Each structure stands twice: as C-alpha cells, then as structure tokens.
Amino acid sequence: MTLTLTDLPADVQDEVSKTRRIVADLHAELPRWELVVWTAGNVSQRIRCADQIGEDLFVIKPSGVSYDQLGPTQMVVCTLDGAKINDGTPDRLQPSSDTAAHAYVYTHMDHVGGVVHTHSTYATAWAARGEEVPCVLTMMADEFGGPIPIGPFALIGDDSIGRGIVDTLKDSRSRAVLMQNHGPFTIGKDGRDAVKAAVMCEEVARTVHISRQLGEPLPIAQEKVDSLFDRYQNVYGQPKK
Ligand SMILES: O=C(CO)[C@@H](O)[C@H](O)COP(=O)(O)O
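Residues numbered from 1 in each chain as written. Predicted model: local features only at pLDDT ≥ 70, side-chain atom pairs only at ≥ 80, totals over all residues. Heavy atoms only, no water.

A. How the structure looks around the site of the ligand. Lining the immediate environment of the ligand, one finds 14 residues, of which S63, S96, S97, D98 and H119 sit closest. N42 is positioned such that a nitrogen or oxygen atom in its side chain is 2.9 Å from an oxygen atom of the ligand. One of the side-chain N or O atoms of S97 is found 2.7 Å from an oxygen atom in the ligand. When the residues that make up the shell around the ligand are grouped by side-chain class, the tally is two nonpolar, ten polar and two charged. (Near = heavy atom within 4 Å. Polar contact = N/O pair within 3.5 Å; in protein donor to acceptor, adjacent residues only side chain to side chain. Nonpolar A, V, L, I, M, F, W, Y, C, P; charged D, E, K, R; others polar.)

Here's what the structure looks like:
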C-alpha cells in the first residue's frame, strides 16, 4: 500500500520537510556551476527513517521541471523501490526519469546519502569516448582517490543505470562514475557532498582534457595518491565538530 506523508510520524514529516528544502536548494547549484543545460540533471537525498517506518525514503526533483520553478513543495518523495508516496504533490507530478537509478544506488549502497546526475560537458565528453579520467592531478587524488571510472552503457528507465553505477563504484574510492555515452553520476554522504563530487568531476575532466592537448599528462605514484586522498578526506578544512 502506498505510504501517505501525513500519516507518518511527526519527526519523519519534519525530516521530509527539511530534506525537500535542501534538495530544492541543491538543484540551483547545477546551473550555478554550469553542470546542466535546460533540465538535464537531478539531485536526490536519502531520509534515514527505517527505524521509525521500516524503510528509508528519498527526495528527488520532478521530471522536466525548470530549475527556476523548483521549490520544496515540488520535490517528490519516494520509497527505495522508486515509487512516489502520497507526498502532497499533484498525482500527475512525476519524479525524475532517473528515479530508478537513484533508488537502486540507495538500496545497494547503504552509506550513500545523496546522488546526482548531470550531463556536464567535459565529463560527458569523456563518457562518450568510454575512457576513464586518469588520476594525473592532486585534486583528483584528493577528491576521488584515483581515476574517475567508466560505467557500462545502459538505457534509462529500469535498474540498468543504477546497477552499472553500483557495480562500478562499489570497489572504487571515486564518488563519480561516467556512464558510457551518457554522463556522470555522483554519490556522497548527502546531497551536498554528491553535488560537490559533480562539480569537481567536471573540473578535473576539463583540466585533464586541456592537459592532453598540450601533451601527455604525468601519472602520480599510487602511494602518493593514497597519501593525498587520506589527508584530504581526513584532515583538510576545519576540524570536524
Ligand atoms: O539523462 C536523462 C535523459 O536521457 C535525464 O537525466 C534528464 O536529462 C533529466 O531528466 P529529469 O530528471 O528531468 O527527468
């Protein structure tokens, strides 16, 4: 039976409301960082409520709606099988066409709290060639712990893309995967972390492409990549609260 938001415990309803605001605001980051044209990108964030209602939920944008029309009340709430709940939005409002992919990632990667998909230019150009972005920048070692891998060609609309994302990332430190002939998908501890991964993925895809136009970039020794990744993930920035 389809869940009804207003029947859920008050604390879950509060978390849904907060997450809707977060996900709506994160969608503004996609055009801000020039990661999308038109509506060609989406962001979602998990709600960890299995202890209260027996399953997690996630919030994702509605399909094909312009970013300047996206507010918290348009954000769609789904179960981890990708089904929209009775979330207060009009029945006709459909979730993103990538909802199944996001749902599959949340179901099979419990540590993931946010998923992003874009068609950002340079990352998508690497995806079109089916070539991973080699780890030749300290920024890549910091952020991705190695190369940005290529995922398989997969058609939209069922578990294929989600399965390709999980099969590629489950044994990788990268939070980004370039789905062949399609574009980048990124994961993170939350939606903002996944958006950051999408921003950094496009940045390094552009830089490495330019470097290759000047000559052959130099690889970084694996032990140096490991050291850079460990520092950035555990020391960089301000002390964790
Ligand atoms: O890759 C595709 C379509 O091929 C999708 O990712 C769209 O580009 C965004 O779709 P919505 O999230 O607006 O449904």
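B. Inspection of the sheet that holds strand 5 (residues 150-151) at higher detail. The mixed open sheet is built from seven strands, whose spatial order is 3-2-1-4-7-6-5. The strands lining the two open edges of the sheet, one partner per strand, are strand 3 (76-79) and strand 5. Its contacts with the sheet place helix 1 (residues 10-27) against strand 1 (42-47), strand 2 (57-60) and strand 3, and it is angled at close to 160° to strand 1. (Pairing = 2+ DSSP bridges. Helix = DSSP H or I, 4+ residues; strand = E, 2+ residues; numbered from the N terminus. Contact = heavy atoms within 4.5 Å. Axes fitted to C-alpha atoms, helices over the stretch in contact; angles between N-to-C directions.)

C. Spotlight on the packing of aromatic side chains. Using the criterion set out here, one finds two aromatic pairs in the structure. Seen in terms of ring centroids, Y232 and Y236 are 4.5 Å apart; in terms of plane orientation they differ by 25°. Their pairing is stacked. (Phe/Tyr/Trp six-rings, centres within 6.5 Å; stacked < 30°, edge-to-face > 60°.)

D. The nonpolar core, seen in detail. V16, L30, L57 and V116 are the most contacted members of the largest nonpolar core, which has 26 residues in total. Elements represented by at least two residues in this core include exactly helix 1, strand 1, strand 2 and helix 8 (191-214). Among the elements that line this core, the one with the most residues is helix 1, at five residues. Excluding residues that lie within four positions of it along the chain, L30 makes contacts with L35, V36, G41, N42, V43, Y67, V116 and T118. With 23 residues, the next largest nonpolar core counts V76, L80, Y106 and V166 among its residues. (Core = buried A, V, L, I, M, F, W, Y, C linked by side-chain atoms within 4.5 Å. Buried < 20%, exposed > 50% of the residue type's maximum accessible area, 1.4 Å probe, protein only.)

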